[in-house]
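# Per-entry structural report
Here is how the chains run, residue by residue.
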Amino acid sequence: GESVGLHLPTLSVQEGDNSIINCAYSNSASDYFIWYKQESGKGPQFIIDIRSNMDKRQGQRVTVLLNKTVKHLSLQIAATQPGDSAVYFCAEMRWNFNKFYFGSGTKLNVKP
Amino acid sequence: EPEVTQTPSHQVTQMGQEVILRCVPISNHLYFYWYRQILGQKVEFLVSFYNNEISEKSEIFDDQFSVERPDGSNFTLKIRSTKLEDSAMYFCASSDLPGNYGYTFGSGTRLTVV
């Protein structure tokens with residue numbers, strides 16, 4: 001079956017350092033990916049997305065990298081801040097399937 | 001920025017009771033969804049809804065669950081006879097086109113079944 005999973009359940013970084021959160025997916029038909037941030041008691045909040053015809057996309061302080069060869073996705077956060085502390089999920093969608101499959105989540109702790 | 005609004009934020013109910021979770025999707029969106037997240041677990045798809053009918057549902061979405069768009073603005077999830085294992089965060093989402101366009105999640109309703 002298909003699965004979207006995260007390598008590390010918890011990541012602790014020092015404020016100001018860069019963070020890298022990883023995600024593996026198994027369905028080669030996946031063609032759209034989103035990274036979500038979830039703070040305690042809140043819904044998933046869109047961070048950045050990438051389509052399968054790209055291998056890199058940059059946003060404000062965030063970069064998503066997609067390696068289709070090994071079915072791997074990563075989220076890089078530059079100059080991590082205390083406000084970045086949250087659980088981060090990757091989610092994948094196959095075009096026109098209209099629903100997301102979520103990974104298990106990685107908790108990011110930013111130490112001041 | 002447009003938001004998906006969910007009410008209530010927290011609902012406590014007794015086992016066997018019916019609950020209705022309410023959502024107001026983004027106004028020009030046509031596709032509506034419910035997801036669920038049991039504490040400490042993944043967010044899971046429950047159901048998608050378009051043109052006043054269910055377009056897809058997961059195996060979680062059994063006969064105890066139903067969805068409705070009672071008017072032009074609300075989208076509801078009803079659980080007919082709640083079980084302890086229905087305790088979870090329930091997220092509503094909407095999109096303006098099929099697939100990923102403008103897919104936006106609400107902040108969720110925490111349902112606690114006691």
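A few points on the structure. (Residues numbered from 1 in each chain as written. Chains lettered and ligands numbered in written order. Predicted model: local features only at pLDDT ≥ 70, side-chain atom pairs only at ≥ 80, totals over all residues. Heavy atoms only, no water.)

### Structural notes on unusual backbone geometry
- Of note, the amide linkage connecting Thr7(B) to Pro8(B) takes the cis form, showing an omega dihedral of -10°.
- Looking at where Pro8(B) falls in the secondary structure, it is placed in the loop between strand 1 (5-7) and strand 2 (10-13).
- Residues other than glycine seldom take positive phi values, yet Ala79(A) does so here, at roughly 50°.
- Residue class for Ala79(A) comes out partly exposed when judged on its relative accessible area of 36%.
- Located in the positive-phi region is Asn51(B), a residue other than glycine, with phi close to 55°.
- Note on placement: Asn51(B) falls in the loop between strand 5 (43-50) and strand 6 (53-57).
- Accessibility expressed as a relative area gives 57% for Asn51(B), which makes it exposed. (Helix = DSSP H or I, 4+ residues; strand = E, 2+ residues; numbered from the N terminus. Buried < 20%, exposed > 50% of the residue type's maximum accessible area, 1.4 Å probe, protein only.)

### What about the environment of Met15(B)?
Residue and element names in this part refer to chain B.
- Mapped onto the elements, methionine 15 comes out in the loop between strand 2 and strand 3 (19-24).
- Exposure remark for methionine 15: the relative accessible area of 51% places this residue in the exposed category.
- Remark: the alpha-carbon pair of methionine 15 and serine 27, spanning 12 residues in sequence, is separated by 34 Å.
- Every residue in contact with methionine 15, bar those within four places of it in the chain, is listed here: Thr82, Lys83, Leu84, Val113 and Val114. (Contact = heavy atoms within 4.5 Å.)

### Comments concerning the pairing of strand 3 (residues 19-25) of chain A
Residues and elements named next belong to chain A.
- Of the two faces of strand 3, only one is covered, namely that formed by Ser19, Ile21, Cys23 and Tyr25; the face formed by Ile20, Asn22 and Ala24 stays uncovered.
- Bridging between strand 3 and strand 8 (residues 72-77) involves six bridges; their strand directions are antiparallel. Across the sheet, alanine 24 pairs through a bridge with histidine 72, a residue of strand 8. (Pairing = 2+ DSSP bridges.)

### Quick word on the interface of chain B and chain A
- Facing 19 residues of chain B, the contacting portion of chain A comprises 19 residues.
- Of the roughly 1700 Å² buried between chain B and chain A on both sides combined, carbon and sulfur atoms contribute 52%.
- Counting across the chain B and chain A interface gives one salt bridge.
- Glu56(B) is the partner of Lys99(A) in a salt bridge, and the nearest nitrogen-oxygen pair spans 2.6 Å.
- At the surface where chain B touches chain A, the tally comes to four residue pairs in polar contact (both at pLDDT 80 or more).
- Going through the elements one at a time, strand 4 (31-37), strand 5 and strand 9 (88-95) of chain B are the ones with two or more residues in the side of chain B that touches chain A.
- The dominant element in the side of chain B that touches chain A, judged by the number of residues it contributes, is strand 4 of chain B, at four residues. (Buried area = accessible area lost by both parts, 1.4 Å probe. Salt bridge = Lys/Arg side-chain N within 4 Å of Asp/Glu carboxyl O. Polar contact = N/O pair within 3.5 Å; in protein donor to acceptor, adjacent residues only side chain to side chain.)

### Quick notes on the environment of Val64(A)
- Relative to the assigned elements, Val64(A) resides in strand 7 (residues 62-67).
- Sequence spacing of Val64(A) and Ser74(A) is 10 residues, and the spatial spacing of their C-alpha atoms is 5.6 Å.

### Describing the layout of surface pockets
- Estimated volume of the largest pocket: approximately 710 Å³.
- What lines the largest pocket is a set of 32 residues, among which Pro44(A), Gln45(A), Phe46(A), Thr104(B) and Phe105(B) lie closest to the centre.
- Broken down by secondary-structure element, the contributors of at least two residues to the lining of the largest pocket are strand 4 (32-38) and strand 5 (45-51) of chain A together with strand 10 (104-105) of chain B.
- A class-by-class count of the residues in the lining of the largest pocket yields 12 nonpolar, 12 polar and eight charged.
- As for the second largest pocket, its lining consists of 19 residues, of which Gln38(A), Val87(A), Gln37(B), Leu39(B) and Gly40(B) are closest to the centre. (1 Å grid on protein atoms, 1.4 Å probe; cavity = no way out; pocket = protein on both sides within 12 Å on 5 of 7 lines; lining within 4 Å. Points joined across faces, edges and corners; volume = space filled by probe spheres on them. Nonpolar A, V, L, I, M, F, W, Y, C, P; charged D, E, K, R; others polar.)

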